[in-house]
Amino acid sequence: MKGKGSFSGIVLLGIGLFFLARQMNITYVLPYLTWPTFLIIIGLAFLVQSSSGKEGPSSFSAVLLLGLGIHFHAISHVDGWPKEPAVIILIIALAFLYMYKQTKEGLLAGIVLLAISGWSFFNRSDTPSIKEWFSSIEGFWPFILIGVGAYFIFIKKK
């Protein structure tokens, strides 16, 4: 396999650069040298690994870790960045959709989670008709997730 050592190499290179930048005390970089940076480094390593072949779990992990790292940095550094759980659900949905692009698996889970994330964002809407519609289905979404998960585990077998 051509890129066999790329994951380990990227993780070690990234962590080495992280600590070198901290030692060099570069003032405009220091605020970003926190634990979310490790998520970004590992996410980038998974992204490189997944682009070298059809590795579904690597592509999912890549987007998930990269997205979470960016999200946690943005919470600290971007005014008005949303802090609610809907952002994390959106990141997981995007991870499933990217995995689907790579492996043709995970489309339904990605769409369901994307819908839940959208529901969570629009549920805060000031438009009464949208808020009423979403609040009428609010109690059912956990059952939808349980049903879709059970479908994947027990019914849809390869």
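Residues numbered from 1 in each chain as written. Predicted model: local features only at pLDDT ≥ 70, side-chain atom pairs only at ≥ 80, totals over all residues. Heavy atoms only, no water.

A. The nonpolar core, seen in detail. If you look at the biggest cluster of nonpolar residues, it comprises nine residues: L39, F60, V63, L64, L68, V87, I91, A95 and M99. Broken down by secondary-structure element, the contributors of at least two residues to this core are α3 (56-77) and α4 (85-103). The residues touching L64, leaving out its near neighbours within four places in the chain, are I91, I92 and A95. Listed in part, the five residues of the second largest apolar core include A93, V112, L113 and I116. (Core = buried A, V, L, I, M, F, W, Y, C linked by side-chain atoms within 4.5 Å. Buried < 20%, exposed > 50% of the residue type's maximum accessible area, 1.4 Å probe, protein only. Helix = DSSP H or I, 4+ residues; strand = E, 2+ residues; numbered from the N terminus. Contact = heavy atoms within 4.5 Å.)

B. Geometry of helix α1 (residues 6-24). The end-to-end C-alpha distance of α1 is 26 Å, a good match for the 27 Å that 19 residues give at a rise of 1.5 Å each. Every buried residue belonging to α1 is among V11, G14, F18 and A21, and all of these are buried. Within α1, the buried residues cover an arc of 100° as seen down the axis, which keeps them to one side. Seen from the buried face of α1, the exposed residues on the opposite side, beyond 90 degrees, are L12, L13, Q23 and M24. As for α1, its buried residues are in contact with α2 (35-51). (Expected span 1.5 Å × (residues − 1). Arc of directions from axis to C-beta.)

C. Up close: the packing of aromatic side chains. Taken as a whole and judged by the stated rule, the model has seven aromatic pairs. Look at F18 and F38: their rings are 4.4 Å apart centre to centre, the planes differ by 45°, and that puts the pair in the tilted class. Taken as a pair, F18 in helix α1 and F38 in helix α2 lie far apart in primary sequence, 20 residues in all. A relative accessible area of 5% means that F18 is categorised as buried. In this structure F38 comes out as partly exposed when scored by relative accessible area, which is 25%. Clustering of aromatic rings is evident, with ring pairs tying together F18, F19 and F38. Geometry around Y100 places K104 over its ring, the cationic atom sitting 5.3 Å from the centre. (Phe/Tyr/Trp six-rings, centres within 6.5 Å; stacked < 30°, edge-to-face > 60°. Lys NZ or Arg CZ within 6 Å of the ring centre and 35° of its normal.)

D. Highlighting the environment of L107. Within the fold, L107 resides in helix α5 (residues 107-122). What makes L107 partly exposed here is its relative accessible area of 34%. For the pair L107 and L94, spaced 13 residues apart in sequence, the C-alpha separation works out to 10.0 Å.

E. Highlighting the confidence of the model for the chain. In the predicted model, the chain carries a mean pLDDT of 84, and 83% of its residues have values of at least 70. Ranking the helices and strands of the chain by mean pLDDT puts α4 first, with 93, and helix α6 (residues 128-137) last, with 62. (pLDDT = per-residue confidence, 0-100.)

F. Local environment of α4. Taking 1.5 Å of rise per residue, 19 residues should cover 27 Å, and α4 covers 27 Å from first to last C-alpha, within 8% of that figure. For α4, the full list of buried residues reads A86, V87, I91, A93, A95, M99, Q102 and T103. Just downstream of α4 lies K104, where phi reads positive at about 65°.

G. Layout of a nonpolar patch on the surface. There is a patch of nonpolar side chains on the surface, built from L108, Y151, I153, F154 and I155 and spanning about 540 Å² of accessible area. Looking at the nonpolar patch, the element that brings in the most residues is helix α7 (residues 141-155), giving four residues. Structurally, F154 is set in helix α7. On the basis of relative accessibility, which here comes to 61%, the residue F154 falls in the exposed class. (Patch = residues over 30% accessible without salt bridge, like charges linked within 9 Å, V, L, I, M, F, W, Y side chains within 5 Å. Areas by Shrake-Rupley, 256 points an atom, 1.4 Å probe, with all protein chains shown as cover. Salt bridge = Lys/Arg side-chain N within 4 Å of Asp/Glu carboxyl O.)

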